[in-house]
Every structure is written in C-alpha cells, then in structure tokens.
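Examining the three-dimensional arrangement
Each chain is listed here by its residues.
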Amino acid sequence: MSDNPPPPIPSPTKQETLRSLESNLGSPFTAEPTIPPPNQIIIVVSGPSGVGKDAVINKLREVREGLHFVVTATTRPMRPGEVEGEDYFFVTRENFLSMVENEELLEYALVYGEYKGIPKKQIREFMSRGEDIVLRVDIQGAQTLRRILGDSAVFVFLVAESEVAMVERLVDRKTESQEELLVRVATAREEVRHLKSFDYVVVNAEGRLDDAVRRVEAIIDAEKSRVHQRVVRI
Ligand SMILES: Nc1ncnc2c1ncn2[C@@H]1O[C@H](COP(=O)(O)OP(=O)(O)OP(=O)(O)O)[C@@H](O)[C@H]1O
C-alpha cells in the first residue's frame, strides 16, 4: 500500500469548457455580432437665428467622422467668405422653383425673403454609404421636417444661455442690418415656444462652444445605442 495522494484531476481547458457548455446547451456558440450595426440617423440641428447653429456644426465637422452635413440650396446672395457647395448651393430663383416642381427637395421655405431647401438626393446618397445625416435648419424648417419625418429623425434645439447673449452674438457677427436684426430677434422670442416639439435641447453658452458640441455628440451616441432604432424613409 502506498501513501501517495491520488494525482490531481486536470482541470478542463477553456476549449473543453466551451465545448461542454455547447453540448449541454444543444447548439454551438456563434461569433455573429450580438446586435446588428445601428441604423443611420438624421439629426436636425435647429434654433433661433444667432444661437450658434453654424458654429456648433462647423466644430462637429472637425471633431466627428461618419457624419454628412447636408448642403442646403438657397436663393440668398453669398456672404463674404462663403463657398459654393460648402456653405450652400447658391441657386437662382428659377432653378430653385424647378427643383420644387420636380419634388427634389425634402422641404423648402421662404425665409426672410429668400428660398432655402434640402435636396433629397444628397441624403439618400450619403445614407446609402453608411453616413449619418446632419441637417441645419431654422425653427420653421424644423417644424416642417417634424411633419415630414415624424419620429424617424432626431431633433435638437440649440439655445443661448440668455436672450441678451444671443442678441449680442448676432450683433457682433455684423451680417445683418438694423432692420434685419429686429426681425430676427423678434422672431427668436416667438420661436422658443416650439421647443416642446424637439427631442433634445442643448445650451450653447458664451465661450463654451466645445461643451455644446460634446452634448450633441452625446446625443448621437445615445441615439446609436437605442434598442428600438429609428427608421428613416424618404
Ligand atoms: N458658444 C459661443 N461663444 C461665443 N460665440 C459664439 C458661440 N457660438 C456661436 N458664436 C458666434 O455667434 C455668432 C452667431 O453664430 P452662428 O452664425 O453660428 O449662428 P446661427 O444660429 O447659425 O445663425 P443664423 O441662423 O442667423 O445663420 C457667430 O459670430 C459665432 O461665431
């Protein structure tokens, strides 16, 4: 009789454990992704004139990939520093109206005497390449888009930290005459009541542009993580 202890039973390898679990479960484990890739989203960024829509969008363009910023068609004259096809597609009234006639625009509006519209083709093209779409529209445009897109798009309302901060920014920008300023500021006062038809609100405070952009990014991340994804049909 030997006093030696029995040899230890070798513990199963990881592979053996997996095989044993599979055999007990009755089916092999799959390496398929747990969830399908998220749908492309349309994010509508809106807010009163001078709140910083362009500033937020320009910064977002620098810091985030995979987004297509839709270039709006407009009949308004080019401002100094603006680039055709980058800031807007500057078109004649005649061309614009023919786009309307041919139903090439997702929505259009007459804003301060000039037409602005969103080309459908651009949205379809970039979504089919897997990009998310960012639309920059005024409040009137956002209301129309809500009617057209319903809950299939994400609506973000940008606000300044106070009315006076917004007006000062608009004045400092020096792109509007005194009369134009009056119309924009009076309109902005009215527009806040539309806030409730938006999904998210983001404060763009003086000197805190980066915070506003981070918040918009967080919204995009949250939307891409939704269990019930929004489905866009245009
Ligand atoms: N967080 C911020 N801090 C300081 N200045 C800002 C901030 N955000 C925007 N601005 C400035 O305020 C002015 C108005 O911003 P912007 O042109 O982006 O507004 P907008 O909402 O696009 O206006 P509009 O609808 O009239 O085109 C610009 O001169 C911009 O550089």
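Structure: above.
Residues numbered from 1 in each chain as written. Predicted model: local features only at pLDDT ≥ 70, side-chain atom pairs only at ≥ 80, totals over all residues.

A separate point is the sheet that holds strand E3 (residues 72–74). Taking strand neighbours across the sheet as the criterion, the four strands line up as E4-E3-E6-E5 in an open arrangement whose pairing is mixed. The open sheet is flanked by strand E4 (88–90) and strand E5 (105–111), the only strands paired with a single partner. Averaged over neighbouring strand pairs, the angle between their axes works out to 25° when direction is ignored. Relative to E4, E3 is paired through three bridges, and the arrangement is parallel. Residue Thr72 lies in a different strand from E4, and its bridge partner there is Tyr88. (Pairing = 2+ DSSP bridges. Helix = DSSP H or I, 4+ residues; strand = E, 2+ residues; numbered from the N terminus. Axes fitted to C-alpha atoms, helices over the stretch in contact; angles between N-to-C directions.)

Taken in spatial order, the five strands of this open sheet run E2-E7-E1-E8-E9, and their pairing is parallel. In this open sheet, the two strands that pair with only one neighbour each are strand E2 (67–69) and strand E9 (200–203). Averaged over all neighbouring strand pairs, the angle between strand axes comes to 25°, with direction disregarded. Where strand E1 (residues 42–46) and strand E8 (residues 154–159) come together, four bridges link them in parallel fashion. Looking across to E8, one finds that Val44 is bridged to Phe155.

As a further point, take the pairing of E1. Burial analysis of E1 places five of its five residues in the buried class, the great majority of the element. Side chains of E1 alternate between two faces, with Ile42, Val44 and Ser46 and Ile43 and Val45 buried alike. Sheet topology note: the E1/strand E7 (residues 132–136) ladder contains four bridges and is parallel. The partner of Ile42 across the bridge, within E7, is Ile133. (Buried ≥ 20, exposed ≤ 12 C-beta atoms within 10 Å, placed from the backbone.)

Here the focus is the pairing of E8. For E8, the buried fraction is high: six of the six residues fall into the buried class. The alternating pattern of E8 places Val154, Val156 and Leu158 on one face and Phe155, Phe157 and Val159 on the opposite face, and all of these are buried. As defined by bridge partners, E8 adjoins E9 across four bridges and the pair is classed as parallel. Within E9, the position partnered with Phe157 by the bridge is Val201.

Structural measurements only, silent on function.
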